[in-house]
Amino acid sequence: MYKPLPDSITIKKSGIEGLGLFASENIPANIIIGKIHVPNEKEENGYLRTPLGGFGNHSDDPNCTKLLMEDGSWWITTNQDIKVGDELTWAYSLYTICLL
């Protein structure tokens with residue numbers, strides 16, 4: 001069954017911009033959180049953004065990293081321990097990626 005957000009994540013007002021993703025429980029480093037973009041040729045940029053991807057905010061010092069999977073989907077993973085109440089962020093970039 002598809003879940004738009006993992007149980008460990010909630011959406012709240014962000015100090016960065018609009019609404020953001022926040023940890024509702026401690027999340028250790030190197031945990032794959034979920035899918036943020038799915039390939040879809042009908043979309044203008046070639047991707048359909050998931051609810052998880054729609055509420056992620058940019059940071060120049062992010063606590064998450066984007067991963068490009070072999071199927072063309074984008075996921076996020078934690079790159080450090082995230083405490084309850086911390087906002088999950090990643091760098092908006094078309095050029096810096098990790099391949100799995």
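For the structure itself, look to the data block above.
Keep in mind it's a predicted model, so treat the numbers as computed, not measured.

Engineer: Looking at this structure, I do not really get the overall build of the protein chain. What am I missing?
Structural biologist: Scanning the protein chain from terminus to terminus reveals 1 helix and 9 strands. Each helix and strand of the protein chain, placed in order from N terminus to C terminus, yields the pattern β-β-β-β-α-β-β-β-β-β. Against the compact-globule benchmark of 13 Å for 100 residues, the protein chain has a radius of gyration of 13 Å, which places it among compact chains. Seen through its principal axes, the protein chain has C-alpha atoms that stretch 35 × 30 × 25 Å.

Engineer: Just to check I follow, could you spell out the side chain of Lys66 for this structure?
Structural biologist: Residue position: Lys66 is located in strand E6 (residues 64-68). Notably, Lys66 is buried but unbridged: the nearest opposite-charge side chain belongs to Asp60, and the N-O separation is 11 Å. In this structure the side chain of Lys66 is engaged in a polar contact, spanning 3.4 Å, whose partner is the backbone oxygen of Ala91.

Engineer: Is there a simple way to explain the pairing of strand E7 (residues 74-78) in this structure?
Structural biologist: Along any regular strand the residues' side chains alternate between the sheet's two faces. The element E7 is largely enclosed, with a buried count of 4 among its 5 residues. Relative to E7, strand E3 (residues 32-39) is paired through 4 bridges, and the arrangement is antiparallel. Across the sheet, Lys35 pairs through a bridge with Trp75, a residue of E7. Pairing of E6 with E7, which is carried by 5 bridges, proceeds in the antiparallel orientation. By the bridge assignment, Lys66 is partnered in E7 with Ile76.

Rules used throughout
- Residues numbered from 1 in each chain as written.
- Predicted model: local features only at pLDDT ≥ 70, side-chain atom pairs only at ≥ 80, totals over all residues.
- Heavy atoms only, no water.
- Helix = DSSP H or I, 4+ residues; strand = E, 2+ residues; numbered from the N terminus.
- Rg over C-alpha atoms; globule rule 2.2 N^0.38 Å.
- Buried < 20%, exposed > 50% of the residue type's maximum accessible area, 1.4 Å probe, protein only.
- Lys, Arg positive; Asp, Glu negative; His and termini not counted.
- Salt bridge = Lys/Arg side-chain N within 4 Å of Asp/Glu carboxyl O.
- Polar contact = N/O pair within 3.5 Å; in protein donor to acceptor, adjacent residues only side chain to side chain.
- Pairing = 2+ DSSP bridges.

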